[in-house]
Amino acid sequence: MTSADESGDAEVEPDDDLRNFGETIKAFRKRAGLTQEQLHPLVRYSVQYVASVEQGRRHPSTKFVDRAEEALDGFGVIRIAAQRLTRRRGLAKWFRRWAELEETAVALNTYECRSIPGLLQTEAYARAQIRDVPPLPTPEEAEARITFRLARQTLLLKTPYVAFSFIIEQSVIERQTGGMEVTRDLIDHLLEVGKLPNVDLQIMPMVSPQHAGTDGPFRLLETNDHEWVGYSEGPKTGQVISDPKAISDLHQRYAKLRIQALNPADSAGLLMRMRGSL
């Protein structure tokens, strides 16, 4: 039987990805002519554990996936299903719908006043941010979040290009999350990303007497059907916004923010001065 630290997460609220993985395990188990009671000694996990995985109520551990693949002769299908589940595991439940929209977007506008947007983070910055926000994740959970966050950044380079606009508060960088070395590398990364032909990166300076973003961060996205949706996020919650009036309001705010922030060239100059002062 497995030890506690190998057992994967405790039972969780089922979601579509967990259910799909559970159905995959169940289908291969039945194909092999096994009951849950007959499978559990082969994978060396309890009957209750097997049942929880099949019902989509538990994230499977790596050892469970490997043993199930071997015991059920999964032709690699079980491992592939688990890889998708692992990628999704690094994604907060309330962010999943927005992440799906991002994958097929043609334009994405982001205003951020709390932290560097995930699409622009370095690995060291992401680690520092995840490390400092309670409740602290397990090492496995932290790695899943970082893996997913960095994987999303391929959107910046995909073709045909997605049009990106980022407006970031100078104070977010001045905070020096993770320390001076992490901040130096972060600024270098922002300068490089800002050179991409499909990216406009603007900094909102520390002193901004006129500021349209005092209600907080938000995002706007144009779908491949050329419809606009918005997104607003707070602690442990996120909301995809589709109401036309609300979308209009967000467009007006973003248009103002683009005027009030430094233009991309001046923003790059500010970043270089900030880099030189560290």
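Scroll up to find the structure this text is about.
Think of each chain on its own: its residues are numbered from 1, step by step along the sequence as written. Local features in this predicted model are restricted to residues whose pLDDT is 70 or higher, and side-chain atom pairs enter the listing and the counts only when it is 80 or higher, whereas totals over whole chains, interfaces and linings include all residues. Heavy atoms from the whole structure form the basis of all side-chain values; hydrogens and water molecules are not counted.

Here's the deal with the nonpolar core
One finds Ile 116, Phe 164 and Leu 271 to be the most contacted residues of the largest nonpolar core, which totals 34 residues. Counting only elements with at least two residues in this core, the list comes to α6 (96-103), β2 (163-169), α9 (170-174), α10 (180-194), β3 (199-204), β5 (228-234) and α12 (264-277). Every helix listed is a DSSP run of H or I at least four residues long, and every strand listed is a run of E at least two residues long, numbered separately from the N terminus. Here this core gets six residues from one element, more than from any other, and that element is α10. Here Phe 164 is in contact with Leu 108, Leu 119, Leu 155, Leu 156, Asn 198, Val 199 and Asp 200, once residues within four sequence places are set aside. If you look at the next biggest cluster of nonpolar residues, it comprises 16 residues, including Ile 25, Val 50, Val 53 and Ile 78. Buried Ala, Val, Leu, Ile, Met, Phe, Trp, Tyr and Cys residues form a nonpolar core when they are joined through side-chain atoms within 4.5 Å. The buried label goes to any residue with under 20% of its type's maximum accessible area, the exposed label to any with over 50%, and the partly exposed label to all in between, with areas taken from a 1.4 Å probe on protein chains only. Here a residue-residue contact requires only that any non-hydrogen atoms of the pair lie within 4.5 Å.

So, the pairing of strand β1 (residues 107-112)
Judged by how many residues are buried, β1 sits mostly within the fold: six of six residues are covered. Only strands joined by at least two bridges in the DSSP assignment are considered to pair. By the bridge criterion, five bridges tie β1 to strand β4 (residues 218-222) in an arrangement that is antiparallel. Counted as the bridge partner of Ala 107 is Glu 222 from β4.

Focus on the pairing of strand β6 (residues 237-241)
Relative to β6, β5 runs antiparallel, the two being bridged by five bridges. The residue bridging Glu 233 from the neighbouring strand is Gly 238, located in β6. Hairpin connection from β5 to β6: two residues lie between these consecutive antiparallel strands, with Lys 236 at a positive phi of about 65°.

Brief notes about unusual backbone geometry
In this structure, the amide linkage connecting Pro 134 to the following residue, Pro 135, adopts the cis form with an omega of -5°. Cis peptide bonds are those with omega within 30 degrees of zero, and the linkage from Thr 159 to Pro 160 qualifies with -5°. Relative to the elements of secondary structure, Pro 160 occurs in the loop between α8 (139-152) and β2. The residue Phe 75 is not glycine, and still its phi comes out positive at about 55°. With respect to the element layout, Phe 75 can be found in the loop between α4 (62-71) and α5 (77-89). Look at Phe 75 and you get exposed, because its relative accessible area is 58%. Although it is not a glycine, Gln 176 sits at a positive phi angle of roughly 60°. If you trace the backbone, Gln 176 turns up in the loop between α9 and α10.

Topic: the side chain of Glu 69
The residue Glu 69 is located in helix α4 in this model. Asp and Glu are treated as the negative residues and Lys and Arg as the positive ones, with His and the ends of the chain left uncounted. Here, a salt bridge means any side-chain nitrogen of Lys or Arg that lies within 4 Å of a carboxyl oxygen of Asp or Glu. Put simply, Glu 69 is tucked away with no salt bridge, and the nearest opposite charge, on Arg 79, sits 4.4 Å away. In this structure the side chain of Glu 69 is engaged in a polar contact, spanning 3.1 Å, whose partner is the backbone nitrogen of Phe 75. If we skip the residues at most four places from it in the chain, Glu 69 touches Gly 74, Phe 75, Gly 76, Val 77, Ile 78 and Arg 79. By the criterion applied in these results, polar contacts are pairs of N or O atoms within 3.5 Å in which, for protein atoms, one can donate a hydrogen and the other can accept it, and in which residues neighboring in sequence qualify only through two side-chain atoms.

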